[in-house]
Amino acid sequence: MQKMPNWADVVLVPVLSLVLAAIISAIVILAIGHNPIDALGIMVKGALGNSANVSYTLYYATNFIFTGLAVAVAYHARMFNIGGEGQAYIGGLGAALACLYIPWPHWTLALIGGGVAAAVFGAAWAAIPAYLQAKRGSHIVITTIMFNYMAYPLLNFLLNGPIKAGGMEPATPSFAEAMHLPNLSAILGAVGISFSDRGPANFALIIALLACVFVWALIWKTKLGYETRAFGQSETAAKYAGIKPTKIIMIAMLISGGLAGMMAINNVMGEAERLVLNAVEGAGFIGIAVALMGRNHPVGILIAAILFGILYQGGAELSAELRIPREMVTVIQALVILFTGALDNMVRMPIEKLFVAFGRKGAN
Amino acid sequence: MDLLAFFDIAVLDGTVRLGVPLLLACLAGLYSERAGIFDIGLEGKMLIAAFLAAGVSFTTGSVWLGLIAGVLASVILSLLHGLASITFRGNQLISGVAINFFASGITVVAAQAWFGEGGRTPSLSGAARFESIQFPGALTRIRDIAKADLPMKVYSELLSGHTIIVYLCILIVPFVWWTLYRTRFGLRLRAVGENPGAVDTAGISVYRMRYSAVIICGVLCGLAGAYLSTGLQAGFVREMTAGRGYIALAALIFAKWRPWQALGATMLFGYLQALAIRPDILERAIGIRVQTQVLDALPYVLTVIVLAGFVGKAIPPRAGGEAYVKER
């Protein structure tokens, strides 16, 4: 029996969870001696105040769409991929190698070549944990965390040695001019909308939106997606229906790693136009919060990613104006994960009871 | 090549120092997971304990008050984990992830608001920190130790000169073994992780058993974190746990959820960490210079190799990760 209507499940519960997360965040801001209403005002203005700020917000949102989708695809196969961070680092390496060593004549070709390289590298970084989970039963959560910790020293080594540009900074040389992706201002300008060109949002946003459509079609419109969801619901039932666990785990994790890696289209190819050491900036982890908040559905993930983009860009303004460290965003992110993920039943159960109670009254 | 260099006394001494927080966190996870509650939030609990222990120690000048504050903070996060995973039957992995991020963020935000030093506490000294205990007759100066013969080196560097928490740790493994295998509490704890339904049928509260396990886990994580910031180092810096909570989890799997094996596993990982900060000794032992980044990655690489099955199949407690729903 369905205890409450669909809209309550899809909208009411997540919104209430968010309100709880917001209240606790406000208490934290109050406790460190600032006014939460002022802080909110600064964040919203900093994230949406003018089109340059909006560009930053959309740039961050693009990162989070990729990493959120990555977590969601794995989650449908009941794999908890915490390795998005490392996969995005290695995806960045793939994109950088493709752009540095292959002289793409035009940005469209660079986009395809670099994007594929990013996806392949990200997927490869997810492949070993996936294989170990499927074949040896090593817990995917632990192994993907270990791979996160391995990605950083690897890049640290490469960016300080083999692929380092001249100068002090651990970074690669800049990619050739012809490979630079058009920014949002150029894209919107082509259809007659004026938009600031001082922000980092770029063509990757469109790829991210296409990725949303791809994941939706994959999970809900293909046989593979059906098998993945069946496996995620019940491994024994799926096995009985002839679905091979190894195949599902491997494919889901490879797609997941590939999506996380493709974040490099945005941050490496679109924004920095070279590979720097801390290119990912925690976006892989924010993907977990985004996927949970978006209920692992591309539409939800899109909305959640924009919300976190606002939070992230607003958080930067917050640290500039009130000297609240950027880690405040990590706190909010943790609270969102806690309330929409782990404490879901705390919010859900009372609402279910309410609906059951009112439902009975209506029937009488 | 000088394979004896692998047994360098300084590295073994570092093994003990670095192995102790891993051991405490590993045993914390052991209690929790043996009771059927997966806990990937060890990292976050250690981190918040490290921060509060250092902050309170600095403010009050007493390391013991700091220790208490650190343990309390860790237990509060444990109870949150219990609330999510026992009472509200939420996903235990997600709850652990939330706790880790919360600790990672709040420690920096609070440290900045409290001390204004960019997310760290001021350095601790004197009574605000666990001093090393020197055994009678032990040499303390590095130059003297270098000249001494082997038994004196072992006595002065490896055995003497640790903090009280390290010495207490000698007792903890037999104690955990005893509670787990020789007491009624331990029997029930293990049963609740394997077959909570049977425990419930026997008239014992599954919830109470699991909450006790989670609280013990919080206390041990708190000790581990407090040791990091007030014993091993003199003060808190951001992300100072540096993945130790996850390495402890890996050690727990390596040890197949058993206390003596946990000691072995954590000391092995502690040894790797100790070796990673002494590249000169590794170079002497194998005769090639190794990039520091390789050493940074080494504990994690070895963890994966270990998890990949060189330990035989590790079977977790059967009811691990699943919430218990009491029948009505």
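Structural data are supplied above this passage.
Residues numbered from 1 in each chain as written. Chains lettered and ligands numbered in written order. Predicted model: local features only at pLDDT ≥ 70, side-chain atom pairs only at ≥ 80, totals over all residues. Heavy atoms only, no water.

### Some remarks on a nonpolar patch on the surface
Inference 1: There is a patch of nonpolar side chains on the surface, built from V10, V11, V15, V19, I23, I24 and I27 of chain A and spanning about 560 Å² of accessible area.
Inference 2: Structurally, I23 of chain A is set in helix α1 (residues 6-31). (Patch = residues over 30% accessible without salt bridge, like charges linked within 9 Å, V, L, I, M, F, W, Y side chains within 5 Å. Areas by Shrake-Rupley, 256 points an atom, 1.4 Å probe, with all protein chains shown as cover. Salt bridge = Lys/Arg side-chain N within 4 Å of Asp/Glu carboxyl O. Helix = DSSP H or I, 4+ residues; strand = E, 2+ residues; numbered from the N terminus.)

### Describing the interface of chain B and chain A
Inference 1: At the interface, 43 residues of chain B touch 41 residues of chain A.
Inference 2: When chain B packs against chain A, close to 3,600 Å² is buried across both sides, 80% of that on carbon and sulfur atoms.
Inference 3: In terms of surface lost to chain A, no three residues of chain B exceed F88, I94 and F101 of chain B, which account for 18% of the buried area on that side.
Inference 4: Where chain B touches chain A, the interface holds 1 salt bridge.
Inference 5: Among the salt bridges present, the one from E327 of chain A reaches R238 of chain B, with a minimum N-O distance of 2.6 Å.
Inference 6: In this assembly, chain B and chain A are joined by 4 residue pairs in polar contact (both at pLDDT 80 or more).
Inference 7: Secondary structure elements with two or more residues in the side of chain B that touches chain A: α3 (63-87), α4 (92-115), α11 (244-254) and α14 (292-310) of chain B.
Inference 8: With 14 residues, α4 of chain B is the largest single contributor of residues to the side of chain B that touches chain A. (Contact = heavy atoms within 4.5 Å. Buried area = accessible area lost by both parts, 1.4 Å probe. Polar contact = N/O pair within 3.5 Å; in protein donor to acceptor, adjacent residues only side chain to side chain.)

### Thoughts on the environment of L338 of chain A
Inference 1: Within the secondary structure, L338 of chain A sits in helix α14 (residues 327-342).
Inference 2: For L338 of chain A, a relative accessible area of 7% gives the class buried.
Inference 3: In this structure the C-alpha to C-alpha distance between L338 of chain A and E85 of chain A, which are 253 residues apart in sequence, comes to 19 Å.
Inference 4: Discounting residues that sit within four places of it in the chain, L338 of chain A has contacts with L343 of chain A together with L80 and A98 of chain B. (Buried < 20%, exposed > 50% of the residue type's maximum accessible area, 1.4 Å probe, protein only.)

### What to know about the side chain of E227 of chain A
Residue and element names in this part refer to chain A.
Inference 1: Take E227: it is sitting in helix α9 (residues 223-233).
Inference 2: Among the residues examined, E227 registers a relative accessible area of 12% and is labelled buried.
Inference 3: With residues near it in sequence (within four places) discarded, E227 still touches I243, K247 and I248.

### Quick notes on the pattern of salt bridges
All names here are of chain A.
Inference 1: On inspection of all chains with the given rule, the structure shows 12 salt bridges over all chains.
Inference 2: Residue K223 pairs with E227 through a salt bridge whose shortest N-O separation is 3.4 Å. Taken as a pair, K223 and E227 lie in helix α9 at a separation of 4 residues, close to a single helical turn.
Inference 3: The residue K247 makes a salt bridge to E227 at a minimum N-O spacing of 3.5 Å. Taken together, the residues span a long stretch of sequence, with K247 in helix α11 (residues 245-272) and E227 in helix α9 at a distance of 20 residues.
Inference 4: The partly exposed category is assigned to K247, whose relative accessible area is 39%.
Inference 5: Within this structure, D9, R295, D344 and R348 form a network of salt bridges that share partners.

### Side note on the nonpolar core
Note that soluble globular proteins tend to have their nonpolar side chains buried in a common cluster.
Inference 1: By size, the foremost hydrophobic cluster in this structure holds 200 residues, and its most contacted members are F64, I288, F308 and I337 of chain A together with L27 and I172 of chain B.
Inference 2: For this core, the element with the highest residue contribution is α11 of chain A, accounting for 14 residues.
Inference 3: Apart from the residues within four sequence positions on either side, I172 of chain B is in contact with L23, L24, L27 and L220 of chain B.
Inference 4: A5, Y271, L275 and A285 of chain B belong to the second-largest nonpolar core, a separate cluster that totals 11 residues. (Core = buried A, V, L, I, M, F, W, Y, C linked by side-chain atoms within 4.5 Å.)

### Things to note about the environment of P170 of chain A
Residues and elements named next belong to chain A.
Inference 1: Within the secondary structure, P170 is located in the loop between α6 (140-160) and α7 (184-190).
Inference 2: Spatially, the C-alpha atoms of P170 and F157 are 9.2 Å apart, while their sequence positions differ by 13 residues.
Inference 3: Beyond its immediate chain neighbours, meaning those up to four positions away, P170 contacts L159, N160, V276 and L277.

### As for the packing of helix α5 (residues 107-136) of chain A against α6 of chain A
All names here are of chain A.
Inference 1: Where α5 meets α6, the axes come as close as 9 Å, and the angle between the chain directions of the two elements is 155°. When the axes of α5 and α6 are compared, the pair comes out roughly antiparallel. Like other packed secondary-structure pairs, α5 and α6 cross with a definite hand, here right-handed. The residues of α6 that touch α5, namely those facing W125, I128, P129, A130, L132 and Q133, are I140, T143, T144, F147, M150, A151 and L154.
Inference 2: Residues of the contact of α5 with α6, tallied by class, amount to 10 nonpolar, 3 polar and no charged. (Axes fitted to C-alpha atoms, helices over the stretch in contact; angles between N-to-C directions. Parallel < 35°, antiparallel > 145°, perpendicular 65-115°, else oblique. Left-handed = near helix turned anticlockwise from the far one by under 90°. Nonpolar A, V, L, I, M, F, W, Y, C, P; charged D, E, K, R; others polar.)

### So, unusual backbone geometry
Inference 1: In this structure, N296 of chain A takes a positive phi of about 60° despite not being glycine.
Inference 2: With respect to the element layout, N296 of chain A can be found in the loop between α12 (283-293) and α13 (298-321).
Inference 3: Here N296 of chain A falls in the buried class, since its relative accessible area comes to 11%.
Inference 4: Positioned with a positive phi, K256 of chain B is a non-glycine residue whose angle comes to about 50°.
Inference 5: If you trace the backbone, K256 of chain B turns up in the loop between α11 and α12 (259-276).
Inference 6: For K256 of chain B, a relative accessible area of 27% gives the class partly exposed.

### Considering the environment of A35 of chain B
Residues and elements named next belong to chain B.
Inference 1: Among the secondary structure elements, A35 is positioned in the loop between α1 (9-34) and α2 (42-60).
Inference 2: Between the alpha carbons of A35 and E194 there is a distance of 7.7 Å; along the sequence they are 159 residues apart.
Inference 3: Not counting chain neighbours up to four residues away, the residues in contact with A35 comprise L189, V192, G193, R210 and A213.

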